[in-house]
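# A look at the structure
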Amino acid sequence: MLSALSHPVYRRLLSAHIVALLGTGLATIAIGFLAVDLAGDRAAAVLGTILGIKMVTYLVLAPLAPAVARRVGARRLMIATDIARAAVALALPFVDGITAAYLLIFVLQAASALFTPTYQAMLPRVLTSEKDYTGALALARLSYDLEALVSPSLAGLLLLVTPSSMLFLGTGIGFVASAALILSVALPRPAVTDGRARGSVTRGIKLMLFTPTLRATLMLQLSVAAIGPVVLVLTIPLARELLGASESQAAGVLAPFGLGSIAAALIMPTLLPRLGLRRFMLSGCTLLIAPIALLWPLLAASLPDAQTMVAIAALWFVAGFGYSATLTPIGRVVRENTRDQDLPEVFAGQFSLSHGWWIITYPLAGWGASTLGYGPTALGLVAIALGGLVAARTMWPHSAPHATQLTNDQEEARHG
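Rules used throughout
- Residues numbered from 1 in each chain as written.
- Predicted model: local features only at pLDDT ≥ 70, side-chain atom pairs only at ≥ 80, totals over all residues.
- Heavy atoms only, no water.
- Helix = DSSP H or I, 4+ residues; strand = E, 2+ residues; numbered from the N terminus.
- Buried < 20%, exposed > 50% of the residue type's maximum accessible area, 1.4 Å probe, protein only.
- Contact = heavy atoms within 4.5 Å.
- Areas by Shrake-Rupley, 256 points an atom, 1.4 Å probe, with all protein chains shown as cover.
- Expected span 1.5 Å × (residues − 1).
- Core = buried A, V, L, I, M, F, W, Y, C linked by side-chain atoms within 4.5 Å.
- Phe/Tyr/Trp six-rings, centres within 6.5 Å; stacked < 30°, edge-to-face > 60°.
- Lys NZ or Arg CZ within 6 Å of the ring centre and 35° of its normal.
- Arc of directions from axis to C-beta.
- Patch = residues over 30% accessible without salt bridge, like charges linked within 9 Å, V, L, I, M, F, W, Y side chains within 5 Å.
- Salt bridge = Lys/Arg side-chain N within 4 Å of Asp/Glu carboxyl O.
- Axes fitted to C-alpha atoms, helices over the stretch in contact; angles between N-to-C directions.
- Parallel < 35°, antiparallel > 145°, perpendicular 65-115°, else oblique.
- Nonpolar A, V, L, I, M, F, W, Y, C, P; charged D, E, K, R; others polar.
- pLDDT = per-residue confidence, 0-100.
- Left-handed = near helix turned anticlockwise from the far one by under 90°.

### Some remarks on the overall build of the chain
- Regarding its fold elements, the chain presents 19 helices and zero strands.
- Sorting the 416 residues of the chain into buried and exposed places 51% on the buried side.
- Summarising the internal contacts of the chain: among those between residues at least 6 apart in sequence, 87% fall at separations of at least 24.
- On the chain, roughly 17800 Å² of surface is accessible, and the fraction owed to carbon and sulfur atoms is 67%.

Spelled out as structure tokens, the structure:
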């Protein structure tokens, strides 16, 4: 895993990724406080709208990233979007209306929708070795998980000495630092593509849908999107409302999920060559779903609240392991089943389509828990996740063709 760090360009890109993630983490916390300041008891509804803006923006704008990157250059695009995100972060503390907040957050998420797939498509060009690229994917997963642990701690320390609005300053600093690091490196030139290929914004989406293995990863991401809201949206309300936990105890239940994800990212470079991508990811998805299926029986068992909290934490650790094992290797799957010149489009298509699932599952989790209860809602989302897993297992061929062996359908999609 650490061999990827021997590449100086990748080291700086990873550093840019990490500081931008820290900035994003601080922004997420600061936006929560901003919603409370602006909306009071309607803060949950405002946050839900903000989350919806994020997912819709990703779905609509991410496919445009390759075309924009070709026009202005990948390096310039990533720098420009970092600067735009920094500007929005510095402007948000001065917002005094919900509509203005929505508009600024739309700009923030639009910049992220262009930055992230451009960054993802650049990594396999920088790291041409399969071993190094696998290590980079594991490091990326670790970065996300460590950010989830570090950002709340850092925000807590800052809030001891500053008002919550100052968290946006830390966000801005993170994005400016990311832009400076990207500015300091020379990135590889993109692969040459023909004129017809450059003209299609939806080409990456078509390739994702026409390539069996890539289509299978979309089904796995449906499973992830079905299970993710159970952990990310329902854990704190469940712990607070149903189990009577304090704020710190409720937040602590989420920590094992992150630790499980870190464990999977650390072990992935060792297990992946032995098991292969298909077996590793399908097994990971099974580990993701199984603990959530036990939630309703656990809640129905009428154990003491403290024991239930401990049991949920243990289940969340296993789910976190499965979450990382399912998601982290997807970059490898894309790289192995996509021609070099198609990587930007496919990464953008994958980024867009995968976030589309969350637009469906987030409301299902939130409204379902309010109307049906936590156990039935979790079980319903488990059923969706199982459907995704079965579909992925069916679609994913045991011996996937190399990226150069495109079918006629893929060729048609590539030029569509």
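So, next bit.
### Some remarks on helix α18 (residues 374-395)
- The end-to-end C-alpha distance of α18, which contains 22 residues, comes to 32 Å, matching closely the 32 Å that a straight helix rising 1.5 Å per residue would cover.
- Of all the residues in α18, the buried ones are Tyr374, Gly375, Thr377, Ala378, Leu381, Val382, Ala385, Gly388, Leu389, Ala391 and Ala392.
- Of the surrounding secondary structure, the elements contacted by the buried residues of α18 are α10 (212-232), α11 (235-242), α13 (277-293), α14 (295-300) and α17 (343-371).

### Overview of the nonpolar core
- In terms of nonpolar packing, the biggest core is built from 90 residues, with Tyr10, Leu13, Leu220, Met281, Ile292, Ile312 and Trp316 touching the most fellow members.
- Looking at this core element by element, the count peaks at 11 residues for α10.
- If we skip the residues at most four places from it in the chain, Ile312 touches Leu238, Leu243, Val253, Leu295 and Leu298.
- Of all hydrophobic cores here, the second largest spans 19 residues; its members include Ile31, Leu92, Val95 and Ala101.

### Some details on the side chain of Gln350
- With respect to the helices and strands, Gln350 occurs in helix α17.
- Among residues more than four places away in sequence, those in contact with Gln350 are Gln120, Met208, Gln221 and Ile330.

### Some words on the packing of aromatic side chains
- Counted by the stated rule, this structure contains two aromatic pairs.
- Geometry around Phe115 places Arg85 over its ring, the cationic atom sitting 4.6 Å from the centre.

### Focus: helix α7 (residues 167-183)
- Relative to the 24 Å expected for 17 residues at 1.5 Å per residue, α7 spans 25 Å between its end C-alpha atoms, a close match to the ideal helical length.
- Leu167, Phe168, Thr171, Gly172, Gly174, Phe175, Ser178, Ala179 and Ile182 are the residues of α7 that are buried. Taken around the axis of α7, the buried residues stretch over an arc of 155°, which confines them to a single face. Turned more than 90 degrees from where α7 packs its buried face, Ile173 and Leu183 sit exposed.

### Topic: a nonpolar patch on the surface
- On the surface, Leu90, Met166, Leu169 and Ile173 cluster together into a nonpolar patch covering about 350 Å² of accessible area.
- With respect to the element layout, Leu90 can be found in helix α4 (residues 74-91).
- Since its relative accessible area comes to 43%, Leu90 is described here as partly exposed.

### Examining the pattern of salt bridges
- In the structure shown here, the tally under the stated rule is five salt bridges.
- Connected through shared salt-bridge partners, Arg70, Arg203, Asp342 and Glu345 make up one network.

### Side note on the packing of helix α3 (residues 65-72) against α4
- Between α3 and α4, the least distance of the axes is 7 Å, while the angle of their chain directions is 110°. Taken as axis vectors, α3 and α4 run roughly perpendicular relative to one another. The segment α3 lies against α4, with Ala65, Val68, Ala69 and Val72 engaging Ala74, Arg76 and Leu77.
- Along the lines of polarity and charge, the residues of the contact of α3 with α4 split into six nonpolar, no polar and one charged.

### Examining the confidence of the model for the chain
- Residues at a pLDDT of 70 or more form 86% of the chain, whose mean pLDDT is 81.
- When mean pLDDT is taken per element in the chain, α13 scores highest with 94 and helix α8 (residues 195-198) scores lowest with 45.
- Overall, residues 194-199 carries pLDDT values under 50, and its contacts beyond four positions in sequence, including any with other chains, amount to seven contacts.
- Across residues 402-416, confidence stays below pLDDT 50; counting only partners more than four residues off in sequence or on other chains, it has 31 contacts.

### Notes on the packing of α10 against α17
- Running from N to C, α10 and α17 point in directions that differ by 35°, and their axes come no closer than 8 Å. In this structure, α10 meets α17 at a crossing whose hand is right-handed. The residues of α17 that touch α10, namely those facing Leu214, Leu218, Met219, Gln221, Leu222, Val224, Ala225, Ala226, Gly228, Pro229 and Leu232, are Val346, Gln350, Leu353, Ser354, Trp357, Trp358, Thr361, Tyr362 and Ala365.
- Partitioned by chemical class, the residues of the contact of α10 with α17 number 15 nonpolar, five polar and no charged.

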